Amino acid sequence: MRQKIYITRAIPRATIEALEAEHDVTVNPEDRALSPEELRHNVAGCAAIVSLLTDRIDGQLLDAAGPGCRIVANYAVGTNNFDVPAATERGVALTNTPGVLDDATATHTIALLLAMARRIPEAERYLREGRWDGWKPMFFIGADVDHKVLGIAGAGRIGRNVARKARGFNMEIIYSDVEPNRAIEDESGARFVSKDELLARSDFLTLHVPLLPETRHYIGAGELARMKSTAILINASRGPVIDEKALVEALRENRIWGAALDVFEDEPVLAPGLVDLPNVVIVPHIASATEGTRLQMGEIVSRNVLAVLSGGQPDCCINMEALRR
């Protein structure tokens, strides 16, 4: 029996077509995040919702969808937009797209690191503005990368992937997490350290922690004060793990050398003054934006939705208890 599916934002056509082959699909025609009121109106009577991180999935939304709603599939690896207890209580399965973003996000992290270290965006702007009048020996001096200390906060799949890639630069790799991770040590020779040592020793500090109450503002004014004045901070995980206002002040006062950010604390709004700073690289949340990655994300989403609507189990579910209700 064909059932109703609502997709909150345009995603790859191949994913939509896979769902349309078996069910009735409606896609938000506007390329913007919908308000909670709009979402509640649009999901009424839907058996499945395909959501993005910008969509808050809570009890009110699920009640608006109705008792026939069986799955909300995030087109994202993150799940901090989910009210997990509310969904579980209503028997609604919650899924995400783990694994497929690892290579793209890790490669993007290295790209951010290199772009900031070698001042590539700053130099390109200078050239495009027609200000270059010839080579100079002290022109756009950047930071060395080879043989420097790379600190990794969070040794999950993406953190491990970054460590493997960083070996090509002969970097010394240190990491901090809630507990040691043998895999990252075996793969890249990384050494487990305390957060304090991570902050004090890292020439480059890249963040790969999940967004949890205890990781919100993982980097704040106190942490920035303990970093080297020559350090570069990279974040392609979740925006709120950095206190963005504190970072702006640290960059403005040159208390660290620079930062490279793919995500922000209150997207799409940036902390005042951030865009005016020359010692920061900022890009609009594009870490997973490769064709192959986005297609693989869509394949997971469609498999999860079709499996649940046919009475089966999804590939990945963060609240398996809901499937037993």
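It should be noted that the structure appears before, not after, this text.
As the structure is a prediction and not an experimental result, all values here were calculated from the model.

About the criteria used
- Residues numbered from 1 in each chain as written.
- Predicted model: local features only at pLDDT ≥ 70, side-chain atom pairs only at ≥ 80, totals over all residues.
- Heavy atoms only, no water.
- Helix = DSSP H or I, 4+ residues; strand = E, 2+ residues; numbered from the N terminus.
- Rg over C-alpha atoms; globule rule 2.2 N^0.38 Å.
- Buried < 20%, exposed > 50% of the residue type's maximum accessible area, 1.4 Å probe, protein only.
- Contact = heavy atoms within 4.5 Å.
- Areas by Shrake-Rupley, 256 points an atom, 1.4 Å probe, with all protein chains shown as cover.
- Lys, Arg positive; Asp, Glu negative; His and termini not counted.
- Charge placed at Lys NZ, Arg CZ, Asp CG, Glu CD.
- Pairing = 2+ DSSP bridges.
- Axes fitted to C-alpha atoms, helices over the stretch in contact; angles between N-to-C directions.
- Right-handed = clockwise from strand over helix to strand, strands pointing away.
- Phe/Tyr/Trp six-rings, centres within 6.5 Å; stacked < 30°, edge-to-face > 60°.
- Lys NZ or Arg CZ within 6 Å of the ring centre and 35° of its normal.

**Focus: the overall build of the protein chain**
Here is step 1 of the chain: The secondary structure content of the protein chain amounts to twelve helices and twelve strands.
Here is step 2 of the chain: For the protein chain, whose C-alpha radius of gyration is 22 Å, the value lies close to the compact-globule estimate of 20 Å for 325 residues.
Here is step 3 of the chain: Counting every position in the protein chain, which comprises 325 residues, the buried fraction comes to 49%.
Here is step 4 of the chain: In the protein chain, the proportion of contacts linking residues at least 24 apart, taken out of those at least 6 apart, comes to 59%.
Here is step 5 of the chain: Element-wise, carbon and sulfur atoms account for 52% of the exposed surface of the protein chain, whose accessible area totals about 15400 Å².
Here is step 6 of the chain: Side chains of the protein chain give 36 positive and 45 negative charges; the mean places of these two sets differ by 2 Å.

**Quick notes on the sheet that holds strand β2 (residues 24–27)**
Here is step 1 of the chain: Ordered by their spatial adjacency, five strands build an open sheet running β2-β1-β3-β4-β5, and the pairing between neighbours is parallel. Bordering the open sheet on either side are β2 and β5 (93–95), each of which pairs with just one other strand. Neighbouring strand axes in the sheet, compared pairwise and without regard to direction, differ in orientation by 15° on average.
Here is step 2 of the chain: Taken together, the three bridges between strand β4 (residues 71–74) and β5 define a ladder with parallel strand orientation. Within β5, the residue paired with A73 across the bridge is T95.

**Let's talk about the environment of I49**
Here is step 1 of the chain: For I49, the location among the structural elements is in strand β3 (residues 48–51).
Here is step 2 of the chain: Separated by 45 residues in sequence, I49 and K4 have C-alpha atoms that sit 8.8 Å apart.
Here is step 3 of the chain: Setting aside anything within four residues of it in sequence, one finds I49 in contact with Y6, T8, V43, A65, C69, I71, V72 and A73.

**A short note on the pairing of strand β1 (residues 4–7)**
Here is step 1 of the chain: Pairing of β1 with β2 involves four bridges; the strand directions are parallel. In the sheet register, I7 faces β2, and the bridge partner there is V27.
Here is step 2 of the chain: As a crossover connection, the stretch from β1 through helix α1 (residues 13–20) into β2 is right-handed.
Here is step 3 of the chain: Examined bridge by bridge, β1 and β3 share three bridges and lie parallel to one another. Bridging across to β3, Y6 finds its partner in I49.

**Some words on the packing of aromatic side chains**
Here is step 1 of the chain: Tallied over the full model, the rule gives four aromatic pairs.
Here is step 2 of the chain: Considering the side-chain rings of Y126 and F139, the 5.2 Å spacing of their centres and the 75° angle between planes classify their relative orientation as edge-to-face. On the criterion of sequence distance, the pair formed by Y126 in helix α6 (residues 120–128) and F139 in the loop between α6 and β6 (149–153) is long-range, its members being 13 residues apart.
Here is step 3 of the chain: An aromatic cluster is defined as three or more aromatic residues linked by ring pairs; in this entry it consists of Y126, F139 and F140.
Here is step 4 of the chain: The ring centre of Y218 lies 3.8 Å from the NZ or CZ of K195, which sits over that ring.

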